[in-house]
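Reading the structure
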Amino acid sequence: MREGSGFKDRKCAECHRQFVPGTQGLHPIIDSWGCDACHVDAHTRPQKRYKWLVADPQELCVRCHAGKGFKGPVQHAPAKMRLCVTCHDPHVSAKKKLLVSEPPLLCFDCHKQEAFFRKVRHSPAADGSCLDCHLPHSGDNPKLLVDKKVCFNCHDEAGIMGKKVIHAPVKALRCAGCHDPHSSSREKLLVSDKLCFTCHKPEAFQGVSVHYPVKSGGCDSCHQPHQSDTPKLLSETVPGLCFTCHDETEFKGKKVVHYPVASGECTSCHSPHAGAAPFLMATEKICFECHDEKEFDGTGKHIKADPRWCVGCHNPHQSDNGHLLRKK
Ligand code: HEC
Ligand code: HEC
Ligand code: HEC
Ligand code: HEC
Ligand code: HEC
Ligand code: HEC
Ligand code: HEC
Ligand code: HEC
Ligand code: HEC
Ligand code: HEC
Ligand code: HEC
Ligand code: HEC
Ligand code: HEC
Ligand code: HEC
């Protein structure tokens, strides 16, 4: 106890027994300075200030605690308003750091619990380790996160963003764009049943013809959500990707294979998602994207042909007959 205040304070503790110096969990300042670090002229009348405090409660604690931890650009509202005693007991507590109760219960005094107890729970949030991810007073990162890369304190960074192609929101560390960090009603803590369409416009995936796996919402049958060594986050390059579902022998092995098919450029004719024309094609005039329309106006050696008829005589992929003809 501070010199000169010893007697007075010991006196205080005679009646206010819960604050006896030396008690486990006592505010260290009581041990060193005594009660008058915060109270003056206790029990004198009239009571000059609330509980005879030396300053209003909102000013009191920051007289001694005003370090860096309280001055970050992102402030927790109750700490900013200096409502220190909503979370801390000024005198003594059986909980660590003089807390009135410990996380998560402490936090649930003000934050709704439901968001943490949905079907699929993220283990550190479920076990109440809120402080693994959040600072209690202030910090440099949005949402009081302890670190911009907080997720990688526990998850392997290379396993999520170590490959050549990284999905933009992953690169930007916007993990929460897809995962709820606390809990979710969906597997893998996903935030939506139509996850990809929360950012990608659904219009780009509609048309006269829609690819079956797109229609059924299976973006993941072709794309990886985080990263890939293949452009466009594909699980495999085209045409190998297509052959995971379509029979490869339909596209190679015969005497004549159409050049773009042989070179694996399936997407020069088919959109992988949807087309404005049948068979996932952008246009019914797909053949004229590469073959000169003028050669089919009937003036040359070829008959005058409507582009919709071409595949009546030619197989677009391959054939055992010359010129890709369906019949000799
Ligand atoms: C003789 C016993 C006794 C002593 C000694 C004593 N108190 Fe108290 N104190 C009480 C009682 C009884 C109350 C009223 C009950 C209550 O509010 O807890 C009280 C109330 C208080 C309060 C609360 C006032 C309020 O408005 O709620 C403060 C602060 C306080 N005491 C501080 C001190 C300090 C500091 C000392 C030492 C300088 C001290 N007391 C010494 C008995 C004592
Ligand atoms: C670090 C500052 C600080 C110190 C040191 C301190 N108090 Fe307090 N005390 C407070 C604050 C702040 C309140 C008001 C709490 C509130 O209203 O929630 C308070 C309230 C009280 C009360 C009212 C009852 C209660 O629990 O709210 C009593 C009694 C009391 N103090 C006694 C003491 C005694 C005795 C000592 C010394 C052993 C002491 N205090 C040391 C800050 C302090
Ligand atoms: C007169 C100076 C002073 C005042 C006023 C003061 N404290 Fe402290 N406090 C200290 C000192 C000294 C320590 C021990 C060193 C440290 O942790 O900074 C301490 C430690 C703490 C700790 C950490 C305890 C632990 O177990 O590690 C908490 C929490 C705390 N104070 C909260 C408060 C709150 C809340 C208030 C306002 C009600 C307050 N303090 C007012 C000086 C003060
Ligand atoms: C929303 C609740 C909350 C509020 C409000 C709050 N604190 Fe804390 N404080 C905590 C928690 C939780 C910890 C424990 C952090 C830990 O264990 O790492 C803590 C820790 C502390 C510590 C110990 C720091 C250390 O590194 O050991 C001090 C000192 C402290 N708080 C002072 C204050 C002061 C002063 C205020 C008011 C300006 C305040 N707190 C407001 C929740 C709060
Ligand atoms: C005394 C009430 C209170 C307590 C206790 C409390 N909070 Fe808060 N918290 C608030 C308020 C008020 C806001 C700001 C309003 C809002 O955005 O919901 C907030 C906002 C937040 C934010 C968002 C900050 C931002 O920048 O958007 C986080 C994260 C947070 N609290 C975490 C916690 C954690 C973790 C705990 C427990 C250690 C906790 N809170 C305890 C009142 C509280
Ligand atoms: C694994 C890390 C992690 C844990 C553990 C965690 N949080 Fe969070 N929390 C986050 C992230 C990340 C965000 C930001 C989400 C976003 O940007 O939408 C967040 C946001 C918040 C918010 C602000 C919500 C909003 O809509 O603005 C609150 C409040 C909050 N957390 C409280 C808690 C509480 C209470 C606990 C403990 C029960 C906890 N958090 C545990 C990572 C975590
Ligand atoms: C404190 C450690 C820790 C931190 C920080 C952390 N996680 Fe986790 N996470 C775990 C543990 C433990 C599991 C469960 C173990 C497992 O299934 O691999 C897990 C599982 C997951 C799962 C799979 C859930 C399931 O149902 O299979 C996802 C998704 C996840 N975390 C995302 C995140 C995101 C996003 C962040 C950053 C906001 C993050 N984690 C931060 C520890 C952590
Ligand atoms: C574009 C949406 C999206 C983003 C952004 C995203 N994820 Fe995921 N994440 C997913 C999907 C979808 C799965 C489920 C994959 C599966 O089931 O194979 C997943 C699975 C996970 C898993 C569980 C892995 C496993 O094998 O169970 C973890 C951990 C994870 N993500 C962490 C993160 C972290 C950390 C970030 C931020 C750096 C992040 N995710 C960003 C969509 C995303
Ligand atoms: C949080 C927002 C967000 C979500 C959710 C999201 N994306 Fe993305 N995605 C982006 C952004 C931003 C880009 C980069 C800009 C662009 O190309 O539109 C991108 C780009 C892509 C690319 C092109 C990558 C490249 O290297 O060119 C693919 C493929 C992709 N996303 C697939 C998906 C799939 C599949 C899902 C669902 C699992 C999904 N996205 C969910 C934001 C998102
Ligand atoms: C059958 C496989 C397959 C499915 C299923 C699939 N994609 Fe793709 N996606 C591709 C291929 C192949 C590319 C590359 C196209 C190219 O390079 O011309 C691509 C490209 C993209 C791009 C980049 C934009 C662009 O045009 O370059 C985005 C974004 C995208 N896909 C999102 C999605 C979403 C969202 C879903 C689910 C609704 C989905 N994909 C389903 C195969 C697929
Ligand atoms: C995940 C499995 C899967 C992958 C990978 C896949 N497809 Fe498909 N595709 C299907 C299914 C299922 C159908 C519908 C089958 C049916 O109706 O016979 C289909 C139908 C088609 C059709 C006919 C569409 C229509 O409107 O009749 C075309 C063209 C097509 N796929 C092209 C491709 C191309 C090009 C690729 C590679 C970029 C590819 N597919 C990759 C599963 C897949
Ligand atoms: C030169 C344009 C062109 C290229 C390149 C092309 N296709 Fe086709 N494909 C067509 C046309 C036109 C049709 C519809 C006409 C028909 O076969 O009757 C079609 C039909 C299909 C069908 C549905 C009918 C069927 O035969 O099962 C699938 C699946 C298909 N293509 C897959 C592929 C794959 C996989 C590749 C790459 C290996 C590919 N296509 C390359 C033009 C092309
Ligand atoms: C992406 C460009 C491209 C598209 C689209 C395209 N072709 Fe071709 N086609 C070629 C190339 C390159 C050749 C080989 C060039 C050459 O030998 O003159 C070729 C050759 C042919 C041949 C001659 C094969 C031979 O062995 O003589 C026929 C027939 C043919 N294409 C029909 C079609 C039909 C029908 C369509 C529309 C369904 C079409 N092509 C769409 C690029 C394309
Ligand atoms: C009535 C059947 C028929 C239709 C319809 C047809 N072709 Fe042909 N095409 C042939 C025959 C037969 C040959 C071989 C002519 C020869 O041996 O000189 C041929 C040859 C070709 C050749 C290779 C020879 C060359 O002229 O370079 C191309 C390319 C071709 N056709 C493209 C097309 C396109 C594109 C269409 C649609 C606009 C189309 N064909 C419509 C029957 C047809």
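Residues numbered from 1 in each chain as written. Chains lettered and ligands numbered in written order. Predicted model: local features only at pLDDT ≥ 70, side-chain atom pairs only at ≥ 80, totals over all residues.

Quick word on the overall build of the protein chain
Inclusion rule: Numbered from the N terminus, helices here are DSSP runs of H or I no shorter than four residues, and strands are runs of E no shorter than two. In this setup the radius of gyration rests on C-alpha atoms only. A globule is expected at 2.2 Å times the number of residues raised to 0.38. Counts of 20 or more other C-beta atoms within 10 Å of a residue's own C-beta define buried residues, counts of 12 or fewer define exposed ones, and intermediate counts define partly exposed ones; C-beta atoms are placed from the backbone. By the criterion used throughout, residues are in contact when their C-beta atoms, derived from the backbone, lie within 7 Å.
The helix and strand inventory of the protein chain stands at 13 helices and 10 strands. Whereas a compact globule of 328 residues would reach a radius of gyration of roughly 20 Å, the protein chain reaches 35 Å, over 25% beyond that. When its C-alpha atoms are laid out on the principal axes, the protein chain stretches across 115 × 30 × 30 Å. Residues counted as buried form 9% of the 328 residues belonging to the protein chain. Of the contacts formed within the protein chain by residues at least 6 apart in sequence, a portion of 53% connects residues at least 24 apart.

Some thoughts on the site of ligand 4
Applied cut-off: Here, nearness means that the C-beta atom of a residue, built from backbone geometry, sits within 6 Å of the molecule or strand in question. Each residue is assigned to one of three groups, with Ala, Val, Leu, Ile, Met, Phe, Trp, Tyr, Cys and Pro labelled nonpolar, Asp, Glu, Lys and Arg labelled charged, and all others, Gly among them, labelled polar.
Neighbouring residues of ligand 4: 19 residues in total, closest Cys 61, His 65, Cys 84, Cys 87 and Pro 136. Ranked by residue count, the leading element in the shell around ligand 4 is helix α5 (residues 84–87), at three residues. Split by residue class, the shell around ligand 4 holds 12 nonpolar, five polar and two charged.

Concerning the domain arrangement of the protein chain
Definition in use: Domain start and end points were adopted from an automatic or database domain assignment.
The domain architecture assigned to the protein chain consists of domain 1 (6–98) and domain 2 (194–328). The centre of domain 1, based on its C-alpha atoms, is set 74 Å off from the matching centre of domain 2.

Observations regarding the environment of Ser 93
Examined against the element boundaries, Ser 93 turns out to sit in the loop between α5 and α6 (105–108). The exposure class of Ser 93 is partly exposed, given the 18 C-beta atoms found within 10 Å. Along the primary structure Ser 93 and Tyr 212 are separated by 119 residues, whereas in three dimensions their C-alpha atoms are 62 Å apart. Setting aside residues up to four positions removed in sequence, Ser 93 forms contacts with Gly 25, Leu 98, Leu 99 and Val 100.

What to know about the site of ligand 2
Contacts to ligand 2 come from 19 residues, most closely from His 16, Phe 19, Cys 35, Cys 38 and Pro 90. Only α1 (6–15), α2 (28–32) and α3 (57–60) provide two or more residues apiece to the shell around ligand 2. Considering every element that reaches the shell around ligand 2, the biggest residue donor is α1, with three residues. In the shell around ligand 2, the residues fall into 13 nonpolar, four polar and two charged.

Comments concerning the confidence of the model for the protein chain
Basically, it comes down to this: One confidence number per residue, pLDDT, is output by the predictor and ranges from 0 to 100.
Per-residue confidence for the protein chain averages 94 on the pLDDT scale, and 97% of its residues sit at or above 70. Predicted confidence for residues 1–7 stays below pLDDT 50, and this span has nine contacts to residues more than four positions away or in other chains.

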